[in-house]
Amino acid sequence: QVQLVESGGGLVQAGGSLRLSCAASGLTFSRTPMAWFRQAPGKDREFAAAISWSGFSSYYADSVKGRFTISRDNAKNTVYLQMDSLKSEDTAVYFCAGSSDDYPPSGYEYWGQGTQVTVSS
């Protein structure tokens, strides 16, 4: 059974930083492309960042490019999202996702429960 467990969310002031973590189990993590999505109140879930299974390739939504960094540690079965220069519009529930497809995947079938990030202005 695949499990993705996010942590690291919280309340931060605008301009601050947070680092999210997602611990994976039940899959071959080192061969799994991973991503972060987010869902703000009243809005659809949107893509934020993705990373290849090796960690050598990544891409970002324009809204977070230059401020967020996705990374992974295959020895720890964990993917991270470093979020800097946070803005109030980054307030959302952040979800970790994994795919059994090749990178870049056409979709993600594994999802975590999410972690709340709130940025105060």
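Residues numbered from 1 in each chain as written. Predicted model: local features only at pLDDT ≥ 70, side-chain atom pairs only at ≥ 80, totals over all residues. Heavy atoms only, no water.

With the rule as written, the count across this model stands at 5 aromatic pairs. With 5.5 Å between their ring centres and 75° between their planes, Phe37 and Tyr108 make a pair best called edge-to-face. Taken together, the residues span a long stretch of sequence, with Phe37 in strand 4 (residues 34-39) and Tyr108 in the loop between strand 9 (92-98) and strand 10 (110-111) at a distance of 71 residues. Looking at Tyr108, the relative accessible area reads 14%, which means it is buried. Taken together through their ring pairs, the aromatic side chains of Phe37, Phe47, Tyr59, Tyr103, Tyr108 and Trp111 make up a single cluster. For Arg31, the ring lying beneath its charged end belongs to Trp53, and the centroid distance is 3.9 Å. (Phe/Tyr/Trp six-rings, centres within 6.5 Å; stacked < 30°, edge-to-face > 60°. Helix = DSSP H or I, 4+ residues; strand = E, 2+ residues; numbered from the N terminus. Buried < 20%, exposed > 50% of the residue type's maximum accessible area, 1.4 Å probe, protein only. Lys NZ or Arg CZ within 6 Å of the ring centre and 35° of its normal.)

The element strand 8 (residues 78-83) is extensively covered by neighbouring structure, given that 5 of its 6 residues are classed as buried. Relative to strand 8, strand 3 (residues 18-25) runs antiparallel, the two sharing 6 bridges. Residue pairing in the sheet places Ser21 in a bridge with Tyr80 of strand 8. Note that strand 7 (residues 68-73) and strand 8 share 6 bridges and pair antiparallel. Among the inter-strand pairings, Ile70 is bridged to a residue of strand 8, identified as Leu81. The hairpin turn running from strand 7 into strand 8, its antiparallel successor, is 4 residues long, and Asn77 in that turn takes a positive phi close to 55°. (Pairing = 2+ DSSP bridges.)

Let us now look at the sheet that holds strand 3. Read across the sheet, 4 strands follow the order 1-3-8-7 without closing on themselves; strand pairing throughout is antiparallel. For this open sheet the edge positions go to strand 1 (3-7) and strand 7, each flanked by a neighbour on one side alone. Neighbouring strand axes in the sheet, compared pairwise and without regard to direction, differ in orientation by 15° on average. (Axes fitted to C-alpha atoms, helices over the stretch in contact; angles between N-to-C directions.)

Taken as a whole, this structure holds 4 salt bridges when the rule is applied. Among the ionic pairs, Asp90 bridges to Arg38, the shortest N-O distance being 2.9 Å. Taken as a pair, Asp90 in the loop between strand 8 and strand 9 and Arg38 in strand 4 lie far apart in primary sequence, 52 residues in all. Judged by relative accessible area, Asp90 falls into the buried class, the value being 0%. Beyond isolated ion pairs, a larger network of salt bridges with shared partners links Arg38, Glu46, Arg67 and Asp90. (Salt bridge = Lys/Arg side-chain N within 4 Å of Asp/Glu carboxyl O.)

It is worth stressing that arrangement in space is one thing and function is another; only the former is reported here.
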